[in-house]
Amino acid sequence: MALTNRPRTVSRYGTAAGTGTLAAFLLVAVGGSPMYVGWAQQHTDPTGAGGWFLRLLAWPAWRWHADEGMLATNLRAILLIVLAAALLYLLPGPQVDRVAASGSQFLSGWGAYALAAALSALFATLLGPHGTLYAAFQAASTGAAYGFFAGWIVGLASLGGRA
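Given the structure is predicted, the values throughout are model-derived calculations rather than measurements.

Rules used in this analysis
Residues numbered from 1 in each chain as written. Predicted model: local features only at pLDDT ≥ 70, side-chain atom pairs only at ≥ 80, totals over all residues. Heavy atoms only, no water. Helix = DSSP H or I, 4+ residues; strand = E, 2+ residues; numbered from the N terminus. Buried < 20%, exposed > 50% of the residue type's maximum accessible area, 1.4 Å probe, protein only. Contact = heavy atoms within 4.5 Å. Areas by Shrake-Rupley, 256 points an atom, 1.4 Å probe, with all protein chains shown as cover. Patch = residues over 30% accessible without salt bridge, like charges linked within 9 Å, V, L, I, M, F, W, Y side chains within 5 Å. Salt bridge = Lys/Arg side-chain N within 4 Å of Asp/Glu carboxyl O. Expected span 1.5 Å × (residues − 1). Phe/Tyr/Trp six-rings, centres within 6.5 Å; stacked < 30°, edge-to-face > 60°. Lys NZ or Arg CZ within 6 Å of the ring centre and 35° of its normal. Arc of directions from axis to C-beta. Core = buried A, V, L, I, M, F, W, Y, C linked by side-chain atoms within 4.5 Å.

**Student:** Whenever I open this one, the overall build of the protein confuses me. Can you help?
**Tutor:** The helix and strand inventory of the protein stands at seven helices and zero strands. In the protein, buried positions account for 39% of the 163 residues. Restricting to contacts in the protein with at least 6 residues of sequence separation, those with at least 24 account for 72%. Counting only carbon and sulfur atoms, one obtains 71% of the accessible surface of the protein, whose full area is about 9,400 Å².

What follows is the structure, encoded as structure tokens:
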């Protein structure tokens, strides 16, 4: 009897922050890949809602080839994953501890990703080769729009995980 009732040391489900971080990584790795960016630019209609959304998913683009903007774009993609992970670990804890509602996990994941996208764009532009404060503010607004429209995916991934 004791052998069958052993306590589990590893849960079947991951944490809300862990699954959200995995979703953020996949969004950046797949949506920002040079292959997807090229496909979205060539095969989607920018005047339609679907094409606009598919092009928006390509915002955290990263590149392999070295050119002038490579540092800023790759830094933006890396910062997006790092800041999303940090914010996902910081935000849901106090909310989920008090109220075990899945709505707070969803909104925390969505909000964390939107904030991470805006901050990563701001910092990457400021640290880039021609970083001005005006350009950083414009990039942050683009990042916030990306985070708002793509962050629900991270919010959904955060649902059902442990706090």
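**Student:** Please clarify how the side chain of Asn74 should be interpreted in this entry.
**Tutor:** If you trace the backbone, Asn74 turns up in helix 4 (residues 70-90). When near neighbours in sequence (up to four residues on either side) are disregarded, Asn74 contacts Trp62 and Arg63.

**Student:** When you look at a nonpolar patch on the surface in this model, what are you seeing that I'm missing?
**Tutor:** A grouping of Phe123, Leu126, Leu127, Leu133 and Phe137 is seen on the molecular surface, where their side chains present a nonpolar patch of about 500 Å² in accessible area. Looking at the nonpolar patch, the element that brings in the most residues is helix 6 (residues 102-127), giving three residues. With respect to the secondary-structure elements, Phe123 resides in helix 6.

**Student:** How should helix 4 be read in this particular structure?
**Tutor:** Structural remark: α-helix, 3.6 residues per turn; residues separated by three or four positions point the same way. For helix 4, which comprises 21 residues, the first-to-last C-alpha distance of 30 Å matches the rise-based estimate of 30 Å (1.5 Å per residue) to within 8%. Of the residues making up helix 4, those classed as buried are Ala72, Thr73, Asn74, Arg76, Ala77, Leu79, Leu80, Leu83, Ala84, Ala85, Leu87 and Leu88.

**Student:** It is not clear to me how the packing of aromatic side chains should be interpreted in this structure. Could you clarify?
**Tutor:** Aromatic rings in a pair are described by how distant their centres are and how their planes are angled relative to each other. Going through the model one piece at a time under the given rule, you end up with seven aromatic pairs. Among the aromatic residues, those joined into a ring-pair cluster are Trp52, Phe106, Trp110, Phe148 and Phe149. In this structure, Arg76 packs its charged tip against the face of Trp59, placed 4.6 Å from the ring centre.

**Student:** I tried to follow the side chain of Ser120 on my own but got confused; where do I start?
**Tutor:** With respect to the secondary-structure elements, Ser120 resides in helix 6. Judged by relative accessible area, which is 0%, Ser120 ranks as buried. Sequence-distant contacts of Ser120, that is, excluding residues within four places in its chain, are made with Trp59, Arg76, Leu79, Leu80 and Leu83.

**Student:** Before we go on, may I ask you to explain helix 1 (residues 16-31) in this structure?
**Tutor:** Helix length check: helix 1, at 16 residues, gives a terminal C-alpha distance of 22 Å against a target of 22 Å (1.5 Å per residue), a fit within 8%. Listed in full, the buried residues belonging to helix 1 are Ala16, Ala17, Gly20, Thr21, Ala23, Ala24, Leu27, Val28 and Gly31. Along the long axis of helix 1, the arc covered by the buried residues comes to 160 degrees, so they all point the same way. Opposite its buried face, helix 1 presents the exposed residues Leu22 and Val30, each directed more than 90 degrees away. Where helix 1 is buried, its residues contact helix 2 (34-43), helix 4, helix 6 and helix 7 (133-158).

**Student:** Before we go on, may I ask you to explain the nonpolar core in this structure?
**Tutor:** Judged by nonpolar contacts, the single largest core of 29 residues is most densely connected at Leu27, Trp59, Leu80, Tyr113, Ala116, Tyr146 and Val154. Where this core is concerned, the elements lending two or more residues are helix 1, helix 2, helix 4, helix 6 and helix 7. Element by element, the count of residues in this core is highest for helix 4, at seven residues. Leaving out residues up to four positions away in the same chain, Trp59 has contacts with Arg76, Leu80, Ala117, Ser120, Ala121, Thr142, Gly143 and Tyr146.

**Student:** Hey, could you run me through the environment of Ala139 in this one?
**Tutor:** Note on placement: Ala139 falls in helix 7. A sequence separation of 13 residues divides Ala139 from Leu126, and the C-alpha atoms of the two residues are 9.6 Å apart. If we ignore the near neighbours within four places in the chain, the residues touching Ala139 are Ala121 and Thr125.

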